Amino acid sequence: MRPVTARPPGSRPGTRKLSCVTSSSRNAPRAYPSPVNENPGGTAASSHAPQMAPAFSTRRLGMALIMLGAVALAPMVEAAEDEGGVLSLKVENDILTSGDDGHYTNGFALSYTFKTPEQHWSRSFADWVPGFSAARLDATAYRFGQQIYTPNDIKREQPDQDDRPYAGYLFGGVSLFAGEEGDDWRRVDTFNLDLGIVGPASGAKDAQKAVHKLTGSDEPEGWDHQLHNEPVISTGWQTQLWLPARAAGLEVEYGPSASVALGNLYTYAGVGGGVRIGQGLTRSYGIPTVAPAQGGRQYFHPDGDFAWYLFANIEGRAMAYNMLLDGNGFEDSASVDRRPLVGDLQLGFALSWQRWQLAFVNVWRTHEFETQQESDQFGSLTLSTWL
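These numbers come from a predicted model, not from an experiment.

### Some points on the pattern of salt bridges
Okay, step 1: A full pass over the atoms with the stated rule returns 17 salt bridges.
Okay, step 2: With its nearest N and O atoms 3.1 Å apart, the salt bridge here joins Glu180 to Arg136. Separated by 44 residues along the polypeptide, Glu180 in strand β4 (residues 167-181) and Arg136 in the loop between α3 (121-126) and β3 (137-150) bring together distant segments of the chain.
Okay, step 3: On the basis of relative accessibility, which here comes to 30%, the residue Glu180 falls in the partly exposed class.

### Some words on unusual backbone geometry
Okay, step 1: Cis geometry is found at the peptide bond from Ala291 to Pro292, where omega equals 15°.
Okay, step 2: For Pro292, the position within the fold is in the loop between β8 (266-279) and β9 (306-322).
Okay, step 3: A positive phi angle, near 55°, is found at Ala248, a position not held by glycine.
Okay, step 4: Assignment of secondary structure puts Ala248 in the loop between β6 (230-247) and β7 (250-263).
Okay, step 5: Here the phi dihedral of Gln354 falls at roughly 50°; this positive angle occurs in a residue that is not glycine.
Okay, step 6: Of note, Gln354 is situated in the loop between β10 (341-353) and β11 (356-365).
Okay, step 7: Judged by relative accessible area, which is 34%, Gln354 ranks as partly exposed.

### Quick look at a nonpolar patch on the surface
Okay, step 1: On the surface, Leu89, Val91, Ile95, Leu96 and Leu381 cluster together into a nonpolar patch covering about 400 Å² of accessible area.
Okay, step 2: The residue Leu381 is located in strand β12 (residues 376-386) in this model.
Okay, step 3: Leu381 gets classed as partly exposed once you look at its relative accessible area, which sits at 35%.

### Details of the packing of aromatic side chains
The geometry of an aromatic ring pair is captured by the separation of the ring centres together with the interplanar angle, meaning the angle of the planes.
Okay, step 1: Taken as a whole, this structure holds 14 aromatic pairs when the rule is applied.
Okay, step 2: Measuring from centroid to centroid gives 5.7 Å for Phe114 and Tyr142, while their planes differ by 35°, and the two rings are tilted. Of this pair, Phe114 sits in strand β2 (residues 103-115) while Tyr142 sits in strand β3; the two residues are 28 residues apart in sequence, bridging distant segments of the chain. We note that Phe114, like Tyr142, is buried.

### Overview of the pairing of β10
Okay, step 1: In this structure, β9 lies alongside β10, joined through 13 bridges in antiparallel fashion. Across the sheet, the residue bridging to Phe306 is Trp353, located in β10.
Okay, step 2: Across ten bridges, the pairing between β10 and β11 is antiparallel. Residue pairing across strands places Phe349 opposite Phe360, the latter belonging to β11.
Okay, step 3: Joining the antiparallel neighbours β10 and β11 is a turn of two residues, in which Gln354 adopts a positive phi near 50°.

Procedures and definitions
Residues numbered from 1 in each chain as written. Predicted model: local features only at pLDDT ≥ 70, side-chain atom pairs only at ≥ 80, totals over all residues. Heavy atoms only, no water. Salt bridge = Lys/Arg side-chain N within 4 Å of Asp/Glu carboxyl O. Helix = DSSP H or I, 4+ residues; strand = E, 2+ residues; numbered from the N terminus. Buried < 20%, exposed > 50% of the residue type's maximum accessible area, 1.4 Å probe, protein only. Patch = residues over 30% accessible without salt bridge, like charges linked within 9 Å, V, L, I, M, F, W, Y side chains within 5 Å. Areas by Shrake-Rupley, 256 points an atom, 1.4 Å probe, with all protein chains shown as cover. Phe/Tyr/Trp six-rings, centres within 6.5 Å; stacked < 30°, edge-to-face > 60°. Pairing = 2+ DSSP bridges.

See the structure below:
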């Protein structure tokens, strides 16, 4: 993991100095990092020098990761045939709330959550996870998704060095859930493990260009300067305490939360608190999560006709590392100066009817880096159904 160091006087965010420079190059003006070569080993059009044949292309690597994701999610079919579970599709996009198109501009996640069978492999895995055990585990989820990040001005071929770099993230993962209840409290614990890749192999460039062409939106011009390919391993723990109450004849739950993330994508510690009010709260397990949280418990009980709740949540995070802002850990790339403290305010609702649930979250996020001009706002929409 690349340590974050202060820039020399006169340097600009978005670049990093290479260690092997000549005395004359030290006095040369700084430039934005070279465009990403999406076909390593390929021959540039302007060069006649012979090149080695590429060992792989990012397109092939991206397809391999998609196939890996499909294999990772394949167990959902077996689980569905046994006891059934909840299939969820989550879409996160800034256009759902602010109408802007920048920073965390789009994300999707497909997940399948089910009660953990007694002989399921995740029970043995839970024995190795701090804070979990096979006996405590009561639900498991498989997840697969993609996230896209851009600067605010996507029409520039040479991106603004003071704005967030272009980056894509493709991942697959597993989540473990454990719950405990007392007479007047309940606690929900979550562990997430994700494997993925940041860079051209994530397919973010092609995905955004295809969507913008379909919708007639501005063409993103700066993807040649996105972060380079880098494998990702990401782990995260979250615990949420819920205390029951009643107000105006409605059910109420409120309580604090804490989270920790460790990995080469994010490293942070967070604390927060939430409240939800409505009818039929026992049919679901808590407030929907949004990035950078890796995954929440989308499971709900299909019994009953109609249930609903409104919710509010606030969270603060002490960020020790964020590859999507700090840049690649193993080679020179675009970057900005990350802020150490970031806060979220979330408001939303969830509606459940028989075997369906719809949840929406509106997120306001404080500045994530020093040269950020405005705070971010985006929405998250999740549609879930029992299989």
